[in-house]
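# Report on the structure
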Amino acid sequence: PRVLGIEGTAWAASAAVYDPEDGVYIETDAYQPESGGIDPSEAAEHMHNAIPEVVGTALDYAAGLSDGDPPIDAVAFSRGPGLGPCLRIVGTAARALAQSLDVPLIGVNHMVAHLEIGRHRSGFDSPVCLNASGANAHVLGFHNGRYQVLGETMDTGAGNAIDKFTRHVGWSHPGGPKVEEAAREGEYIELPYVVKGMDFSFSGIMSAAKQEYDAGTPVEDVCVGLQETIFAMLTEVAERALSLTGSNELVLGGGVGQNERLREMLAAMCDQRDAEFYAPEPRFLRDNAGMIAVLGATMYEAGDTIGIDESRIDSDFRPDQVPVTWRDEESV
Ligand code: ATP
């Protein structure tokens, strides 16, 4: 099926067309805070202004693929988790479009989409997924017909911890790429490493990093410490998840996954245990509607569509609330 996907959990107002023959076309309009981090009401205003245009562009693209009327078979949208005001705008747009084109509506869990795009692109069967984004950090694995959260952050997301540090030193949002750049010039310093069982905590690292900077430690060195510590924690939990589930496939998701050092550490860990590692291309790592459209197509084929009346958004939508209707393999 050809599916239009709409994503808008936070900063990315994004629409995409997935066509099995043509591949994935993505159109994104990013919200860039003028100062500080993401402000929910500004993000919603951006979403409100940007969604009609990105959806229009994606629809025109779909219309150009063939003479079909309507040009798409279904509309998929991110139902959550994310910022409520942003999700509501996306939900309204998706419902209106599905109704006006008279095509089915598909409600996609944004976190499951991060995992499934990795599975789709890699061809892996039953991977564990490390999702490291701004607002989240968790490890997902398939068990008993659901994607279970095997481990997660106990406080802030991995990217948000980095962004809060960079805001403290006066760098513009998003901070991740700037930390990656600065870390190339620095020396490692030790910061608190906090993994408890399968869960991690980043708030202590963030405060310690700010203190180091305030005490005069070169910012490049703090950046190395931040990267090495946060990424080692993520790698440790990802490794334990592989070991617990017996899976030998790891996929990466989330905007922090664009970081080369993180990918290097995960690849090395997988190599040591003879597991396979796959990092999707950057356009599928950061928030994007491509992953919504691709999972939407899979769900459509499984008959997993929803009525307008049951399509409410859910800002705390957890992956394990999603019955995985499109997989029937034995759970790992
Ligand atoms: P989600 O809703 O999935 O939690 P999100 O809205 O937080 O997603 P993403 O696009 O997945 O957004 O991730 C954005 C985060 O990725 C930001 O915190 C940003 O600093 C971080 N990031 C981007 N590039 C890099 C990089 N090269 N290294 C580290 N972090 C990065």
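To be clear, the structure that these remarks concern was listed above.
A brief look at the structure comes next. (Residues numbered from 1 in each chain as written. Predicted model: local features only at pLDDT ≥ 70, side-chain atom pairs only at ≥ 80, totals over all residues. Heavy atoms only, no water.)

In this structure, the largest pocket occupies an estimated 1200 Å³ of space. What lines the largest pocket is a set of 50 residues, and nearest its centre among them are Trp11, Ser133, Gly134, Ala135 and Asn160. If one sorts the elements of the lining of the largest pocket by residue count, helix α4 (residues 158-168) sits on top with 6 residues. Taken together, the residues of the lining of the largest pocket sort by class into 21 nonpolar, 20 polar and 9 charged. Taken together, domain 1 (3-113 + 287-321) and domain 2 (126-284) each give at least three residues to the lining of the largest pocket, which thus spans both. (1 Å grid on protein atoms, 1.4 Å probe; cavity = no way out; pocket = protein on both sides within 12 Å on 5 of 7 lines; lining within 4 Å. Points joined across faces, edges and corners; volume = space filled by probe spheres on them. Helix = DSSP H or I, 4+ residues; strand = E, 2+ residues; numbered from the N terminus. Nonpolar A, V, L, I, M, F, W, Y, C, P; charged D, E, K, R; others polar. Domains from an automatic or database assignment.)

In this section: helix α6 (residues 203-214). The first and last C-alpha atoms of α6 sit 17 Å apart over 12 residues, in line with the 16 Å expected at 1.5 Å per residue. Tucked inside the fold, the buried residues of α6 contact α4 and α7 (219-245). Downstream of α6 by one or two residues, Gly216 has phi in the positive range, about 100°. (Expected span 1.5 Å × (residues − 1). Contact = heavy atoms within 4.5 Å.)

Inspection of the secondary structure puts Thr217 in the loop between α6 and α7. Side-chain polar atoms of Thr217 contact the side chain of Glu212, separated by 2.6 Å. When sequence neighbours within four positions are dropped, the list of residues in contact with Thr217 reads Ile189, Glu212 and Val222. (Polar contact = N/O pair within 3.5 Å; in protein donor to acceptor, adjacent residues only side chain to side chain.)

In a packed pair of helices, the relevant descriptors are the angle between the two axes and the axis-to-axis distance. Contact geometry of α7 with helix α8 (residues 260-272) gives a least axis separation of 10 Å together with a crossing angle of 35°. The crossing of α7 and α8 is right-handed. Note on element contacts: α8 touches α7 through Arg261, Leu262, Met265, Leu266, Met269 and Cys270, opposite Gln227, Glu228, Phe231, Ala232, Leu234, Thr235, Ala238, Glu239 and Leu242. Taken together, the residues that form the contact of α7 with α8 break down as 10 nonpolar, 2 polar and 3 charged. (Axes fitted to C-alpha atoms, helices over the stretch in contact; angles between N-to-C directions. Left-handed = near helix turned anticlockwise from the far one by under 90°.)

Let us look at the sheet that holds strand β12 (residues 276-278). Here 5 strands make up an open sheet; going across it, the order is β8-β7-β6-β11-β12 and the pairing mixed. The open sheet has two edge strands, β8 (146-152) and β12, and neither has a second partner. Recorded for the sheet is a direction-independent mean angle of 25° between the axes of neighbouring strands. One ladder, built from 4 bridges, connects strand β6 (residues 128-132) with strand β11 (residues 249-253); its direction is parallel. By the bridge assignment for β11, Val128 is matched with Leu250. Where α7 meets the sheet, its contacts fall on β6, β7 (137-143), β8 and β11, and the angle it forms with β6 comes to roughly 160°. Each of β6, β11 and β12 is contacted by α8, which is oriented at about 170° to β11, the strand it contacts most. (Pairing = 2+ DSSP bridges.)

What follows deals with the site of the ligand. Taken together, 24 residues lie around the ligand, and His110, Ser133, Gly134, Asp163 and Glu180 are the ones closest in. With respect to the ligand, the backbone of Ala135 contributes an N or O atom lying 2.9 Å from an oxygen atom. Here Asp163 contributes a side-chain N or O atom positioned 2.6 Å from an oxygen atom of the ligand. Protein contact buries 93% of the 640 Å² of open area that the ligand shows by itself. A molecule is said to occupy a pocket when more than half its atoms come within 2 Å of that pocket's grid points, and by this definition the ligand occupies the largest pocket. Going through the elements one at a time, α3 (110-122), α4 and α5 (176-183) are the ones with two or more residues in the shell around the ligand. Of the residues contributing to the shell around the ligand, the split by class is 7 nonpolar, 13 polar and 4 charged. Counting residues domain by domain, the shell around the ligand receives three or more from each of domain 1 (3-113 + 287-321) and domain 2 (126-284). (Near = heavy atom within 4 Å. Areas by Shrake-Rupley, 256 points an atom, 1.4 Å probe, with all protein chains shown as cover. Sits in = over half its atoms within 2 Å of the grid points.)

Quick look at unusual backbone geometry now. Backbone torsion omega between Asp69 and Pro70 reads 0°, so that peptide bond is classified as cis. Relative to the helices and strands, Pro70 resides in the loop between α1 (40-65) and β4 (74-80). The peptide bond linking His173 to Pro174 adopts the cis configuration, its omega dihedral lying at -5°. Position of Pro174 relative to the elements: it lies in the loop between α4 and α5. Residue Asp102 is not a glycine yet carries a positive backbone phi of 60°. The residue Asp102 is located in the loop between α2 (84-101) and β5 (105-109) in this model. Even without a glycine there, the phi angle at Asn144 is positive, about 55°.

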